Amino acid sequence: MSRAARMHVPLLPSSAANAVPDVDDGRRASVSGAVFNVSTSIIGAGIMSIPATLKVLGVAPAFVLVVAIAWLANVSVEFLLRFTSAGQSVTYAGVMRESFGPVGSVAVQLSVLVANLGCLIVYLIIMGDVLSGNKPGDGSIHMGVLQEWFGFYWWNSREFSLLFTAIFVLLPLVLLRRVESLKFSSAVSVLMALVFVGISSLLAIAALVKGKTQNPRWLPELDNKAAFFDLFTAIPVIVTAFTFHFNVHPISFELGKPSYMMSAVRVSLLLCAAIYFAIGIFGYLLFGDLIMPDILVNFNRTSDSGGGILGSILNDAVRLSYALHLMLVFPLLNFSLRSNVDEFFFSNKRHPPLVADSRRFIALTVALLVISYVAAIAFPNIWYFFQFVGSTSGVCLAFIFPGAIVLRSHQFPFL
């Protein structure tokens, strides 16, 4: 897109201008399917740390921050779709290439690679924690569901349980070639997130009736310098929780119209913001200031929170529903990661599209899954690395790059 053309791209174009390359009507995706896919992209590992952000920020500031970041995410997606329709590209990296040349494309591809690969590794680590437990460096033991049910055996070890999950659950899903094909797994994934919130809510209400909850802190406690700087650690967590921009273009392209995509995005953001705040407030009521960055650890340590056998069943249901949710989120992030890696290494027009080259598609899919599995086994605790990814590549994809595209095309040609 030329400089002159970019200068005339309106920030608020008419709906007639919002057109992307059409897709075959018989294979066009549905808005409901897009809502499930977008919601699944949003609700990932970030949900487990939302209650911890309420402990750090307080209930009122956390609510304001969740609403503000959800609104900013909506604005940034709108920017991406509008400048996509104004140019020739149908990918995030392509839009950045039109504005900033090859440097912009490479920046997006590297950010997507770091953010998505990091999230996929974190997902596998959490699945391993749920199924086979973990042993933190403080000497405590976090037993997994399989170990609590059957004891310690080789077949429920972390390595074997993750290998079984990768081969028989994740591999069939990541081999699907169209995002729309994932709409049913995405619907189940959103359902599992709702189950996670629902059971947590029941446990919190039961604890409230019994008088076992603590009064929530509405504002942060700033009694020392460390507490003040802790406030800034909560912001990247919420930003990461609303970073889904790498899946905007593949989902939007299959819908056919940006206006449909924006409707799906807005519904998804409202749904996910409600889920985030619900799990945050109920998790905080249930565990108070003892809340851990990974809320699943709290459910493991308080297996009697619901009372006897019922409490154990509910806690297992919480952990298993969340693990299943991540298993179903995994292929969506893998879809975006695979597309960007392929565009980065095989952007030459001599190569056929990825979906048309079965050998390249399968090789790249298996390679990314193997890398994620090996990293999850080698580094079983990368929580701080996950925060680093969310505060760097995640914020670039969600806010910095879309804003830079707007500034580049309007009144700031020096960028």
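Residues numbered from 1 in each chain as written. Predicted model: local features only at pLDDT ≥ 70, side-chain atom pairs only at ≥ 80, totals over all residues. Heavy atoms only, no water.

A short note on the overall build of the chain
To be explicit about the condition: Secondary structure counts use DSSP, requiring at least four H or I residues in a row for a helix and at least two E residues in a row for a strand, with both numbered from the N terminus. Between two residues, a contact is recorded if the distance between any of their heavy atoms is within 4.5 Å. For every accessible area listed, the method is Shrake-Rupley and the probe measures 1.4 Å; residues are considered covered only by the protein chains on display.
The number of helices and strands found in the chain is 16 helices and zero strands. By sequence separation, contacts in the chain at least 24 residues apart represent 83% of the contacts at least 6 residues apart. For the chain, the exposed surface amounts to about 18000 Å²; the carbon and sulfur share of it is 70%.

Notes on the packing of aromatic side chains
One pair of aromatic rings is described through two measures. These are the centre distance and the angle between the planes. Going by this rule: Any two of the Phe, Tyr and Trp rings considered here, Trp counted by its six-membered ring, make a pair once their centres fall within 6.5 Å; the pair's planes then place it as stacked at under 30 degrees, edge-to-face at over 60, or tilted in between. Partly exposed residues are those whose accessible area sits between 20% and 50% of the maximum for their type, while under 20% is buried and over 50% is exposed, using a 1.4 Å probe and protein chains only.
Inspection of every chain in the model, using the stated rule, returns seven aromatic pairs. Relative to Phe 150, the ring of Trp 149 has its centre 6.2 Å away and its plane inclined at 80 degrees; by these criteria the two rings are edge-to-face. Residue classification places Trp 149 among the partly exposed positions, given a relative accessible area of 47%. Between Trp 154 and Phe 160, the aromatic rings sit 5.1 Å apart at their centres with planes inclined by 75 degrees, giving edge-to-face as the arrangement.

Some words on the nonpolar core
Condition: Here the nonpolar core consists of buried residues drawn from Ala, Val, Leu, Ile, Met, Phe, Trp, Tyr and Cys, with membership extended through side-chain atoms lying within 4.5 Å.
Judged by nonpolar contacts, the single largest core of 108 residues is most densely connected at Tyr 123, Met 127, Phe 196, Phe 242, Phe 244, Phe 299 and Phe 330. Top contributing element to this core by residue count: helix 12 (residues 258-287), with 16 residues.

Overview of helix 5 (residues 92-100)
When you tally the buried positions in helix 5, you get seven out of nine residues, the bulk of the element. Listing the buried residues of helix 5 in full gives Tyr 92, Ala 93, Gly 94, Val 95, Met 96, Glu 98 and Ser 99. The positive-phi residue at the C-terminal boundary of helix 5 is Gly 101, with phi of around 80 degrees.

Looking at the pattern of salt bridges
Using the following cut-off: Basic side-chain nitrogens of Lys or Arg form a salt bridge, by our definition, when they fall within 4 Å of a carboxyl oxygen of Asp or Glu.
One pass over the full model with this rule turns up six salt bridges. The closest approach of N and O atoms between Asp 129 and Arg 158, which form a salt bridge, is 3.0 Å. Of the two residues, Asp 129 sits in helix 6 (residues 102-132) while Arg 158 sits in helix 8 (residues 158-174), which places them 29 residues apart along the sequence. You can call Asp 129 buried: its relative accessible area is 8%. Among the residues examined, Arg 158 registers a relative accessible area of 10% and is labelled buried. Notably, a salt bridge pairs Arg 319 with Asp 316, separated by 2.7 Å at the nearest N-O pair.

Focus: the side chain of Ser 393
If you trace the backbone, Ser 393 turns up in helix 16 (residues 383-409). A relative accessible area of 6% places Ser 393 in the buried class. Leaving out residues up to four positions away in the same chain, Ser 393 has contacts with Ser 111, Val 114 and Ala 115.

Points about the side chain of Ser 105
If you trace the backbone, Ser 105 turns up in helix 6. When its relative accessible area of 3% is taken as the criterion, Ser 105 is described as buried. Each residue touching Ser 105, except ones within four places of it in the same chain, is listed here: Ala 93, Met 96 and Arg 97.

Overview of a nonpolar patch on the surface
The condition is simple: A patch consists of residues whose relative accessible area exceeds 30% and which take part in no salt bridge; residues with like charges are grouped when within 9 Å of each other, and nonpolar side chains (Val, Leu, Ile, Met, Phe, Trp, Tyr) when within 5 Å.
A surface patch of nonpolar side chains, about 1100 Å² in accessible area, is lined by Trp 149, Phe 150, Tyr 153, Trp 154, Trp 155, Phe 160, Leu 163, Phe 164, Ile 167 and Phe 168. Broken down by element, the nonpolar patch gets its largest block of residues, five residues, from helix 8. Mapped onto the fold, Trp 149 is located in helix 7 (residues 145-150).

Topic: the packing of helix 3 (residues 50-57) against helix 12
Let me state the cut-off plainly: Each axis is a line fitted through C-alpha atoms, and for a helix only the stretch in contact is used; angles between axes span 0 to 180 degrees, taken between their N-to-C directions. Angle categories: roughly parallel below 35 degrees, roughly antiparallel above 145, roughly perpendicular from 65 to 115, and oblique for all the rest. Throughout, a crossing is termed right-handed when the near helix is turned clockwise from the far one, and left-handed when it is turned anticlockwise from it by less than a right angle. Each residue gets one of three labels, nonpolar for Ala, Val, Leu, Ile, Met, Phe, Trp, Tyr, Cys and Pro, charged for Asp, Glu, Lys and Arg, and polar for the others, Gly among them.
Their axes nearest at 7 Å, the elements helix 3 and helix 12 cross at an angle of 65 degrees. When the axes of helix 3 and helix 12 are compared, the pair comes out roughly perpendicular. The crossing of helix 3 and helix 12 is right-handed. Each of Ile 50, Pro 51, Leu 54 and Lys 55 in helix 3 lies in contact with helix 12, whose residues at this interface are Tyr 276, Ile 279, Gly 280, Ile 281, Gly 283 and Tyr 284. Looking at the contact of helix 3 with helix 12 residue by residue, the classes come out as seven nonpolar, two polar and one charged.

Notes on the confidence of the model for the chain
For clarity, the threshold we go by: By definition, pLDDT measures how confident the predictor is in each residue, and it falls between 0 and 100.
Overall, the predicted model of the chain reaches an average pLDDT of 78, with 82% of residues at or above 70. A low-confidence stretch, residues 1-26 (pLDDT under 50), is modelled with 41 contacts involving residues beyond four sequence positions or located in other chains.

Some points on the environment of Ser 49
Along the chain, Ser 49 turns up in the loop between helix 2 (31-42) and helix 3. Looking at Ser 49, the relative accessible area reads 2%, which means it is buried. Considered as a pair, Ser 49 and Tyr 276 are 227 residues apart in the sequence and their alpha carbons are 9.6 Å apart.

Some remarks on the packing of helix 8 against helix 15 (residues 358-378)
Closest axis-to-axis distance for the helix 8/helix 15 pair is 11 Å, and the angle between their directions is 155 degrees. When the interaxial angle is binned, helix 8 and helix 15 end up roughly antiparallel. Here the hand of the crossing between helix 8 and helix 15 comes out right-handed. Taken together, the residues of helix 15 that come into contact with helix 8 (itself represented by Arg 158, Glu 159, Leu 162, Leu 163, Ala 166, Leu 170, Leu 171 and Val 174) are Phe 361, Thr 365, Val 366, Leu 369, Tyr 373, Ala 376 and Ile 377. Residue classes in the contact of helix 8 with helix 15 are distributed as 12 nonpolar, one polar and two charged.

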